[in-house]
There are 2 protein chains.
Amino acid sequence: MKSIVIFGAGNVAIHLFLALSKAQNFTVVQVYNHTSKSLKFFRNRVSTTTNLKEVKAADIFLLALKDEAIPAIAERILQRDALVLHTSGATPMGVLNNFTNYGVFYPLQTFSKEKPVEYKDVPVCIEANSRAALELTEELAAEFSEKTYRISSEQRKSLHVAAVFVSNFVNHLYAEGEELCHENNIPFEILHPLIFETATKIKALDPKDAQTGPAKRRDDKVIDAHLELLQGNRKKIYELLSSSIQQLHGKKL
Amino acid sequence: MKSIVIFGAGNVAIHLFLALSKAQNFTVVQVYNHTSKSLKFFRNRVSTTTNLKEVKAADIFLLALKDEAIPAIAERILQRDALVLHTSGATPMGVLNNFTNYGVFYPLQTFSKEKPVEYKDVPVCIEANSRAALELTEELAAEFSEKTYRISSEQRKSLHVAAVFVSNFVNHLYAEGEELCHENNIPFEILHPLIFETATKIKALDPKDAQTGPAKRRDDKVIDAHLELLQGNRKKIYELLSSSIQQLHGKKL
């Protein structure tokens, strides 16, 4: 049984903890966080600490921290022979190069405290500095998920941007759609099947081939009528995304 | 058994035809389109015509046409006592007011020729000018789907804009994400679970509460690193959507 200390107490830390509490060969022995308040979720489940000097010895230190906290915390970890992994999409592996064995364990999913996740379907992007580090990281990833990908720091930077586009920005468009419904006394649930189908469709079709709508078919009359209804950021988003769709599809002609 | 003539031969016409071919109380007796080529799909399945003078008598004329074609075709339909419905999100019901009974049958879904759809889950937005028209439109909608909503022309305008945001624009963000993966030799499938989870999450959480990512948490370092990787429309989209997320969430503070 290999031991793990999780650093951090946010959404990612919580979901890693929950997933790893079912693992066969790994056990979370402690959760560290710099403030006590955020440790509430963990307190009755596992040993916790806010003091870096009290961090237990472990086989793996899993840094589920904000990007800016990763180098600062890594510097202050005393045990240097553990495998140290961070979970960030945006931070290069090299910030951990004070350790002998280090790497990245980046679960590519959107985690909210309130929403359970089927961990076995969450792709884990891994990277490691040595064969030993890679083997242990792979073993950990295999306990977490059925889908593991070797992704370099360079690739991960772009992948993280792509994830922002297809998840964070997409969710914001859902939020704009919901406000539009709300303002017009339309139940937002009416859009759920469309949202779901749009997301499912790209398993069968390339997103470029799946594109539909007034911008794609260059229906200026509809576009103008829509723009008349909009203002502020919503209008700017409509204009920019319509023009971007037309440029992407214009290139093909 | 009530008879239907479908006008139009695009994605919506094809899917309406497929759905109604299983209906108990309705039968499609003919499909009209102004060009012969687009009628290929229908030719061995039902009577077709490119000549408005040869359109059969029917109980319902279903205009699954481009917005600009709706008034022009409606004007040239000779039989005035059928129920005439259009399927557009963007056209007011009133363009059909030359008829005695008319209305709107707007299925709120993204239809591609290549992708089957579970019709019973597709919300149908209906509107009609008279009690008789409404009853027949409701009966038709009930054959097509389990979800029928009464939506006025005024509401439908905004709903159509909302649909563009949560479907057409969302799909374009998927396309940008795919290109980013492609340019960096990352398999796009790695993003499928994230896309799917982002779409599913809003059934459990309000999209505003589900928002995550660097813009939401005002992580300027990550935002700046992302912007450095981007250019052109992609950079503009990143800037505008990040700033829109921050405005939406700033208001709450």
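All values reported here derive from a predicted model rather than from experimental measurement.

This part takes up the overall build of chain A. For chain A, the count of helices and strands is nine helices and eight strands. Expressed as lengths along the three principal axes of its C-alpha atoms, the size of chain A is roughly 65 × 40 × 30 Å. Looking at chain A as a whole, 59% of its 253 residues are labelled buried. If you sum the accessible surface of chain A, you get close to 11,000 Å²; carbon and sulfur atoms cover 47% of it. The averaged location of the 29 negative side-chain charges in chain A is 2 Å from the averaged location of its 31 positive side-chain charges.

Turning our eyes to something else, we now look at the interface of chain B and chain A. Contacts between chain B and chain A engage 93 residues on the former and 93 residues on the latter. The tally of links between chain B and chain A comes to four salt bridges. The shortest N-O distance in the salt bridge between Asp67(A) and Arg217(B) comes to 3.8 Å. Here chain B and chain A share 36 residue pairs in polar contact (both at pLDDT 80 or more) between them.

A few words now on helix H5 (residues 153–183) of chain A. All names here are of chain A. Between the first and last C-alpha of H5 there are 44 Å, a value that for 31 residues agrees with the 45 Å anticipated at 1.5 Å per step. Taking the largest bend as the criterion, H5 deviates by roughly 35°, centred on Val164. With 27 of 31 residues buried, H5 lies mostly within the body of the structure. Phi for Asn185, located one or two positions after H5, is positive at around 55°.

Turning to the pairing of strand E4 (residues 60–63) of chain A, a few remarks are in order. All names here are of chain A. Neither face of E4 is open: one carries Ile60 and Leu62, the other Phe61 and Leu63, and all of them are buried. Alignment of strand E1 (residues 2–7) against E4, held across four bridges, turns out to be parallel. Looking at E4, one finds that Phe7 is bridged to Leu63. Handedness of the E4-helix H3 (residues 69–76)-strand E5 (residues 83–86) crossover: right-handed.

The subject of this paragraph is the environment of Ile73(B). Residues and elements named next belong to chain B. Turning to its location among the elements, Ile73 is positioned in helix H3 (residues 69–76). Given a relative accessible area of 10%, Ile73 falls into the buried group. Separated by 82 residues in sequence, Ile73 and Gln155 have C-alpha atoms that sit 25 Å apart. Not counting chain neighbours up to four residues away, the residues in contact with Ile73 comprise Phe7, Tyr32, Leu52 and Leu65.

Before going further, it helps to examine helix H4 (residues 131–144) of chain A. Look at H4(A): 20 Å from first C-alpha to last across 14 residues, which is about the 20 Å you get at 1.5 Å a residue. Among all positions in H4(A), only Ala133(A), Leu134(A), Leu136(A), Thr137(A), Leu140(A), Ala141(A) and Phe144(A) are buried.

Right, let's talk about the relation of the copies chain B and chain A for a bit. Superposition of the two copies of the chain requires a rotation about an axis together with a shift along that axis. Each copy superposes on the other: chain B lies on chain A with an RMSD of 0.0 Å after a rotation of 180° and an axial shift of 0.0 Å. Taken together, these values place the two copies in the relation of a two-fold axis. No C-alpha of chain B approaches the rotation axis more nearly than that of Val170(B), which lies at 2.7 Å. With an isologous cut-off of 70% or more, the 100% of interface residues of chain B that recur at the interface of chain A puts this contact in the isologous class.

This paragraph deals with the side chain of Thr87(A). Residue and element names in this part refer to chain A. You can see Thr87 is positioned in the loop between E5 and strand E6 (101–107). Taking relative accessible area as the criterion, Thr87 reaches 9% and is therefore assigned buried. The residues contacting Thr87, other than those within four sequence positions of it, are Val12, Leu16, Leu62, Leu63, Ala64, Leu65, Phe105, Tyr106 and Pro107.

Reading the values: rules and limits
- Residues numbered from 1 in each chain as written.
- Chains lettered and ligands numbered in written order.
- Predicted model: local features only at pLDDT ≥ 70, side-chain atom pairs only at ≥ 80, totals over all residues.
- Heavy atoms only, no water.
- Helix = DSSP H or I, 4+ residues; strand = E, 2+ residues; numbered from the N terminus.
- Buried < 20%, exposed > 50% of the residue type's maximum accessible area, 1.4 Å probe, protein only.
- Areas by Shrake-Rupley, 256 points an atom, 1.4 Å probe, with all protein chains shown as cover.
- Lys, Arg positive; Asp, Glu negative; His and termini not counted.
- Charge placed at Lys NZ, Arg CZ, Asp CG, Glu CD.
- Contact = heavy atoms within 4.5 Å.
- Salt bridge = Lys/Arg side-chain N within 4 Å of Asp/Glu carboxyl O.
- Polar contact = N/O pair within 3.5 Å; in protein donor to acceptor, adjacent residues only side chain to side chain.
- Expected span 1.5 Å × (residues − 1).
- Bend = angle between axes of the 7 residues up to and from the residue.
- Pairing = 2+ DSSP bridges.
- Right-handed = clockwise from strand over helix to strand, strands pointing away.
- Least-squares fit on C-alpha atoms with pLDDT ≥ 70 in both.

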